[in-house]
Amino acid sequence: MQTSQSIAIRRSAASPQPHCVMLLTVDTTTITALRQLVMRFCGEAMEFMRVAVCADTRKTRVWLCISPAMAMPVMDLILRSLPAAEFGRMKNQAIQ
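Residues numbered from 1 in each chain as written. Predicted model: local features only at pLDDT ≥ 70, side-chain atom pairs only at ≥ 80, totals over all residues. Heavy atoms only, no water.

## Some thoughts on the environment of Leu-34
Piece 1. Note that Leu-34 resides in helix α2 (residues 31–42).
Piece 2. Leu-34 has contacts with Leu-24, Val-26, Met-49, Val-62, Ile-78 and Leu-82, leaving out every residue within four places of it along the chain. (Helix = DSSP H or I, 4+ residues; strand = E, 2+ residues; numbered from the N terminus. Contact = heavy atoms within 4.5 Å.)

Dropping the structure here:
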């Protein structure tokens, strides 16, 4: 027998949750500070963080996947903490 709680849990697990993917470029020397900053601020609201070093530069590209509600506060935090960070596109997408 299924309870209404188990049905609600199954429905929420089946539907994709919206997330915001934020692209930014930072100096390679600041990547650890960025990671610690975002992890401390977002916690469970961060889905993933992908990092790729740009060829022939001292820059690193970062893709942050966070909940949409956290997008603007995280952007503000990064701008205040790492003013040289360069923000690229930001898009909402469903992550399963």
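## Some points on the nonpolar core
Piece 1. Ranked by internal contacts, the top residues of the largest apolar core, which has 21 residues, are Leu-24, Leu-34, Cys-42, Leu-64, Ile-66, Val-74 and Ile-78.
Piece 2. Sorting the residues of this core by element identifies β1 (17–27), α2, β3 (59–66) and α3 (71–81) as the ones contributing at least two each.
Piece 3. Among the elements that make up this core, the one with the highest residue count is α2 (five residues).
Piece 4. Look past the residues within four positions of Cys-42 in its chain and what remains in contact with it is Ile-66, Met-70 and Val-74. (Core = buried A, V, L, I, M, F, W, Y, C linked by side-chain atoms within 4.5 Å. Buried < 20%, exposed > 50% of the residue type's maximum accessible area, 1.4 Å probe, protein only.)

## What to know about α3
Piece 1. Of the residues making up α3, those classed as buried are Ala-71, Val-74, Met-75, Leu-77 and Ile-78. Angular distribution of buried residues about the axis of α3 spans 165 degrees; they occupy a single face of the element. Seen from the buried face of α3, the exposed residues on the opposite side, beyond 90 degrees, are Met-72 and Arg-80. (Arc of directions from axis to C-beta.)

## A word on the packing of α2 against α3
Piece 1. Contact geometry of α2 with α3 gives a least axis separation of 11 Å together with a crossing angle of 145 degrees. Helix-helix and strand crossings are classified by hand; for α2 and α3 the assignment is right-handed. Every residue of α3 that contacts α2 at Leu-34, Leu-37, Val-38, Phe-41 and Cys-42 is listed here: Pro-73, Val-74, Leu-77, Ile-78 and Ser-81.
Piece 2. Grouping the constituent residues of the contact of α2 with α3 by class yields nine nonpolar, one polar and no charged. (Axes fitted to C-alpha atoms, helices over the stretch in contact; angles between N-to-C directions. Left-handed = near helix turned anticlockwise from the far one by under 90°. Nonpolar A, V, L, I, M, F, W, Y, C, P; charged D, E, K, R; others polar.)

## A short note on the pairing of strand β2 (residues 46–53)
Piece 1. Examined bridge by bridge, β2 and β3 share seven bridges and lie antiparallel to one another. Of the residues in β3, the one forming a bridge with Ala-52 is Arg-61.
Piece 2. Taking the residues between adjacent antiparallel strands as the criterion, β2 and β3 are bridged by five residues, where Asp-56 takes a positive phi near 60 degrees. (Pairing = 2+ DSSP bridges.)

Don't take any of this as a statement about function, it's just geometry.
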